[in-house]
Structures are given as C-alpha cells and as structure tokens.
Amino acid sequence: MTDTYATVHLEHNFNGRLFSRIPLLRKLNLKEIVGLRGAWGQLSEANIALSAPTNIPLIAPDDQIYWEYSFGVGNIFKILRIDFNFRGNYLDNPDARAFGITGSFRI
C-alpha cells in the first residue's frame with residue numbers, strides 16, 4: 001500500500017512460437033506470455049496513523065522495489081488465459097504468498 005508510487009509492467013507475447021514446435025500443442029494454437037511487474041512507493045505517516053485502529057500493518061515498498069514475474073498460456077478455447085505468478089522478493093512478510101494463479105477471458 002502506498003501514497004505515492006511508480007510501477008512498471010512489461011509483457012511479451014511469443015505468439016505461439018514456442019508451443020508451435022510441439023506437435024500436440026501446435027493444433028491447439030496456444031500462445032505463451034512472459035511478464036515482469038515492479039512497484040516502488042512510500043506511505044505517509046498520516047495514513048499509517050489512520051490505519052492504526054485496524055491493527056493491520058501497512059508496508060510500502062520503499063526500501064527496495066517489489067517485483068514479480070509470470071508465465072502464462074493464452075488463447076485457450078480462443079478466449080481464456082491462465083497466468084502463473086511468482087513473487088520475486090518481500091517473501092519474509094507474514095502471510096506473503098510466493099505463488100499465485102490468475103485467469104482472465106476476452107471476448
């Protein structure tokens with residue numbers, strides 16, 4: 001959580017160049033996607049004081065840039081995409097998940 005922040009999101013769609021080399025996957029016309037995301041920000045003392053009654057610790061990525069990377073498969077049934085996300089740092093925080101799966105669809 002931050003008051004002021006800067007983020008970057010890089011994504012490359014290989015457009016099936018890797019999966020087209022595998023005979024069974026070639027017919028499915030799947031697309032492979034690789035992504036990298038990063039964020040840096042600060043949290044003001046005023047907002048930290050506002051959240052004190054909730055007992056939820058707020059941590060802003062101001063020491064080092066938070067980053068994560070992902071690998072995805074798109075064009076599943078022509079509308080679905082599944083991404084496998086991996087956290088790059090801040091793994092020592094309580095309840096931090098090192099891995100997650102997200103799905104999306106486009107019409």
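Here's what I pulled together on the structure shown here. Just so it is clear, the structure is predicted and the values come from calculations on it, not from any experiment.

1. Regarding the overall build of the chain
Looking only at helices and strands, the chain has two helices and five strands in total. Its helices and strands taken in sequence order, the chain reads β-α-β-α-β-β-β from the N to the C terminus. Taking 2.2 N^0.38 as the reference for a compact globule, 107 residues should give roughly 13 Å; the C-alpha atoms of the chain span a radius of gyration of 18 Å, well beyond that estimate. Considering only C-alpha atoms, the chain reaches an extent of 60 × 25 × 25 Å along its principal axes. Counting all 107 residues of the chain, 24% fall into the buried class. Expressed as a percentage of contacts within the chain between residues at least 6 apart in sequence, the contacts between residues at least 24 apart total 51%. Counting only carbon and sulfur atoms, one obtains 62% of the accessible surface of the chain, whose full area is about 8,100 Å².

2. Some remarks on the packing of aromatic side chains
Throughout the structure, instances matching the rule amount to seven aromatic pairs. Seen from their ring centres, Tyr 69 and Phe 86 are 5.3 Å apart, and the 20° between their planes marks the pair as stacked. Of this pair, Tyr 69 sits in strand E3 (residues 66-76) while Phe 86 sits in strand E4 (residues 80-87), and the two are 17 residues apart along the sequence. The class of Tyr 69 is partly exposed, set by a relative accessible area of 31%. An aromatic cluster is built from Trp 67, Tyr 69, Phe 71, Phe 84, Phe 86 and Phe 99, whose rings are joined through pairwise contacts.

3. A closer look at the sheet that holds E4
In spatial order, the strands read E1-E2-E3-E4-E5; together these five strands make up an open sheet with antiparallel pairing. If you trace the sheet from one side to the other, it starts and ends with strand E1 (4-13) and strand E5 (99-105), each paired once. Ignoring strand direction, the axes of neighbouring strands in this sheet form an average angle of 20°.

4. A few points about the layout of surface pockets
It is a probe the size of a water molecule, rolled over the atoms, that shows where empty space is left. Taken as a whole, the largest pocket encloses approximately 540 Å³ of empty space. Along its surface, the largest pocket is lined by 26 residues, and Tyr 66, Arg 87, Tyr 90, Asn 93 and Ala 96 are the ones closest to its centre. Those elements giving two or more residues to the lining of the largest pocket turn out to be strand E2 (31-42), E3, E4 and E5. The element best represented in the lining of the largest pocket is E5, accounting for four residues. Estimates place the volume of the second largest pocket at around 200 Å³. In terms of lining, the second largest pocket is formed by 13 residues, of which the most central are Gly 74, Asn 75, Leu 80, Arg 81 and Arg 106. Secondary structure elements with two or more residues in the lining of the second largest pocket: E1, E2, E3, E4 and E5.

How each quantity is defined
- One numbering rule holds for all chains: residues counted from 1, following each sequence as written.
- Thresholds applied to this predicted model are a pLDDT of at least 70 for local features of residues and 80 or more for the giving and counting of side-chain atom pairs; totals over whole chains, interfaces and linings are not thresholded and use all residues.
- Note that the side-chain values use all heavy atoms of the structure and ignore hydrogens as well as water.
- Counting from the N terminus, the helices are the DSSP runs of H or I reaching at least four residues and the strands are the DSSP runs of E reaching at least two.
- A radius of gyration in this sense is built from C-alpha atoms; the matching globule rule multiplies 2.2 Å by the number of residues raised to 0.38.
- We call a residue buried when its accessible area falls under 20% of the maximum for its residue type, exposed when it is over 50%, and partly exposed in between, using a 1.4 Å probe and counting protein chains only.
- Whether two residues are in contact is decided by their heavy atoms: any pair within 4.5 Å suffices.
- To measure how exposed things are, a 1.4 Å probe is used in the Shrake-Rupley method; for residues, cover is taken only from the protein chains shown.
- For Phe, Tyr and Trp, where Trp contributes only its six-membered ring, two rings pair if their centres lie within 6.5 Å, and the inter-plane angle classes them as stacked under 30 degrees, edge-to-face over 60, or tilted in between.
- By definition, two strands form a pair when at least two bridges between them are found by DSSP.
- The axes are straight lines fitted to the C-alpha atoms, using for helices just the contacting stretch, and the angles between their N-to-C directions are given from 0 to 180°.
- Grid points spaced at 1 Å and placed over the protein atoms alone form the basis of the search, with a cavity being a set where a 1.4 Å probe fits but cannot get out and a pocket an open set showing protein on both sides within 12 Å along at least five of seven lines. Lining residues have an atom within 4 Å of a point.
- Grid points are joined across faces, edges and corners, and a volume is the space filled by probe spheres set on the points.

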